[in-house]
Amino acid sequence: MAESTKVPDLVPSPSGSDEEDDDEAAWDEVEESPQPAQCLFCAESFPSIVEAMAHASEKHEFDLKSLASKYNMDMYSYIKLVNFIRAHNLNSAEELMVYKEPLWDLDMYLKPVVENDPWLMYDFEGDGVFAETNTFAPAKFHVVNSENGRVTLSEAHFKELQKNLESLHIALDRKTDEVQILQGDISRMRSLSRALLEAGVSDKSTMEADLDTVVKGIKLEDDEAYFSSYAHFGIHHEMLSDRVRTETYRNALMSNESQIDGITVLDLGCGTGILSMFCAQAGAAKVVAVDQSDIIYHAMDIIRENNLGDQIQLIKGRLEDLDNIPKVDAIISEWMGYLLLFEGMLDSVIHARDNHLKPGGLLLPNRCDMSLVGISDLERHGELIGFWEDVYSFKMSCLRKETVHVPAVEIAKPESVVTTAFKLRELDLNKCTSRELSYNVPFELKALHTSGEVLLTSLAGYFDVFFDLDNPVSFSTGPLATPTHWKQTIFFLDSPIPMQPGAIIKGSFECLRQKKDCRSLKINIQLEGQEKFQYIVS
């Protein structure tokens, strides 16, 4: 009888070969056990990242699923988020959810803050919680028994259906969140369009731009240059070194502690957070500090360094774009620019007042005046204006005309003041609107000298600021007051004007916001018997 021949298997054994079994066993042996994980928001540690996540969700309101949905996060975004939280020692996830854009979306946050951080080893994209609706496992065939109107499923089939149903629920929740975000965006776009249409063009002779919600109408990407100018420490050093400015704000708060104690305050354009810390020092229960500039990252460190994190909440963003800003008892802001209105930040204060201030709440400051005074300084006029008449024996008259149109921001010598001051505008911040920020008013300046002739070389614009509290506080940026970083805005005349004792200089002062850049100003000054002088403050 012939020796039988072994027929090879045509179907692989389900369990694989013994060699494969050995390999799998070896892998099982080296599989790592879960690493202990410290919470992102506190010092508590947990046996595994899953438990740490559950704790962060329950105790610190860390909703990773909502964050992933809102910001369309991938694995890199998740890593940046973890390192952002670690770097800034956040103690709550609450502020993460109100940001319009993910603050952590910077390459600097790809570098681990904590070495071998278990949070960074978490399979973010592999977690079913973040799966899209169509990312189910490949279909498998299951046997389904149906008898007497009852369907019987295998345990494996039942679990798979449960998992798919859970994924569908999660995907539905994510899409619902996306729809809500889109609905909010549509609502804001409708409001903006309505505001722009209502502002319209009412009087082109006195209005250059629409005057309602103009700053709100700027696209954020088109406004970044403005906010970037406040990102460097240099400008904050200049402002903080201005003792008149900074100490007046502090005195207004500390001398009126009874009005600040226990209230909620919005610090608009918080910068380094100095005003927020003054508010906390004066007894405010809660300060919500908002700034779109990147200086707010330093403010976060400053607040933590001074152990004021429980009182002060910092939010990065442009106020007009933020959701979930609460109603507050007071709004504090150092919004004033050169000539008071330059930079257009008063628009944001008005928006905050109308949308976030409780009835009867405080505005700090609450009132401002803008004034004009005559200056005689032939030396300075010659340095800036007359300079172009003889430049190394050459004439450059065309540049003289250009120079005249650009106001100088500098300190006028007190002894150079030669006329009375005239109040051009008084703003009550409790009532004013953006439309009132463009104006045209007649003015009169009376010569102060009693003999001889004095040459008027320029007009100086300045403003005064008032905190009308129980204990009133104020400061002035005028040439007869202690100098501030605002200095004065000097409008040089092309040619000096002679004045006799007691002479009255009459004219009109028109302040307009520019169409193409509503944060800058166009100033028209018409002196009686003189041609109109036009200036751009930008």
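Residues numbered from 1 in each chain as written. Predicted model: local features only at pLDDT ≥ 70, side-chain atom pairs only at ≥ 80, totals over all residues. Heavy atoms only, no water.

Trainee: What should I look at first to understand the confidence of the model for the chain in this one?
Mentor: Atomic detail in the predicted coordinates should be set aside for any region of low pLDDT. On average, residues of the chain carry a pLDDT of 80, and 75% of them reach 70 or more. Note that residues 198-213 has pLDDT below 50 and, in this model, 32 contacts with residues that lie over four places away or in other chains. (pLDDT = per-residue confidence, 0-100. Contact = heavy atoms within 4.5 Å.)

Trainee: Honestly, helix H3 (residues 64-71) in this entry has me stumped. Any pointers?
Mentor: In an α-helix there are 3.6 residues to a turn, and that puts residues three or four apart on one side. Judged by how many residues are buried, H3 sits mostly within the fold: 6 of 8 residues are covered. For H3, the set of buried residues is Leu 64, Ser 66, Leu 67, Ala 68, Ser 69 and Tyr 71. (Buried < 20%, exposed > 50% of the residue type's maximum accessible area, 1.4 Å probe, protein only. Helix = DSSP H or I, 4+ residues; strand = E, 2+ residues; numbered from the N terminus.)

Trainee: Please explain the sheet that holds strand E6 (residues 286-291) as it appears in this structure.
Mentor: Picture the strands of a sheet paired through backbone hydrogen bonds; they go either parallel or antiparallel. Reading across from one edge, E7-E6-E5-E8-E9 is the order of the 5 strands in this open sheet, with parallel pairing throughout. Looking along the sheet, the strands with just one partner apiece sit at the ends: strand E7 (312-316) and strand E9 (357-364). For this sheet the average axis-to-axis angle between neighbouring strands, irrespective of direction, equals 20°. As paired elements, strand E5 (residues 264-268) and E6 share 5 bridges and run parallel to each other. Bridge pairing links Leu 266 to Val 288 in E6. The strands touched by helix H10 (residues 274-281) are E5, E6, E7 and strand E8 (328-332); relative to E6, the strand with the most contacts, the crossing angle is about 175°. Along the sheet face, helix H11 (residues 295-305) touches E6 and E7 and points at about 165° away from the line of E7. (Pairing = 2+ DSSP bridges. Axes fitted to C-alpha atoms, helices over the stretch in contact; angles between N-to-C directions.)

Trainee: What is the right way to read the packing of aromatic side chains from this model?
Mentor: We describe a pair of aromatic rings using the distance from one ring centre to the other and the angle between the two ring planes. Following the criterion strictly, the structure yields 15 aromatic pairs and no others. Here Phe 84 and Trp 104 contribute two aromatic rings whose centre-to-centre distance is 6.0 Å and whose plane-to-plane angle is 55°, an arrangement assigned as tilted. One end of the pair, Phe 84, is in helix H4 (residues 75-88); the other, Trp 104, is in the loop between H4 and strand E3 (145-147), and 20 residues separate them in sequence. With 5.3 Å between their ring centres and 75° between their planes, Phe 463 and Trp 486 make a pair best called edge-to-face. Of this pair, Phe 463 sits in strand E14 (residues 454-467) while Trp 486 is found in the loop between strand E15 (473-476) and strand E16 (488-499), placing the two residues 23 residues apart along the sequence. For Phe 463, a relative accessible area of 1% corresponds to the buried category. Members of the aromatic cluster, each reached through a chain of ring pairs, are Tyr 71, Phe 84, Trp 104, Tyr 109 and Tyr 297. Note that Arg 367 overlies the ring of Phe 466, its terminal NZ or CZ placed 4.0 Å from the centroid. (Phe/Tyr/Trp six-rings, centres within 6.5 Å; stacked < 30°, edge-to-face > 60°. Lys NZ or Arg CZ within 6 Å of the ring centre and 35° of its normal.)

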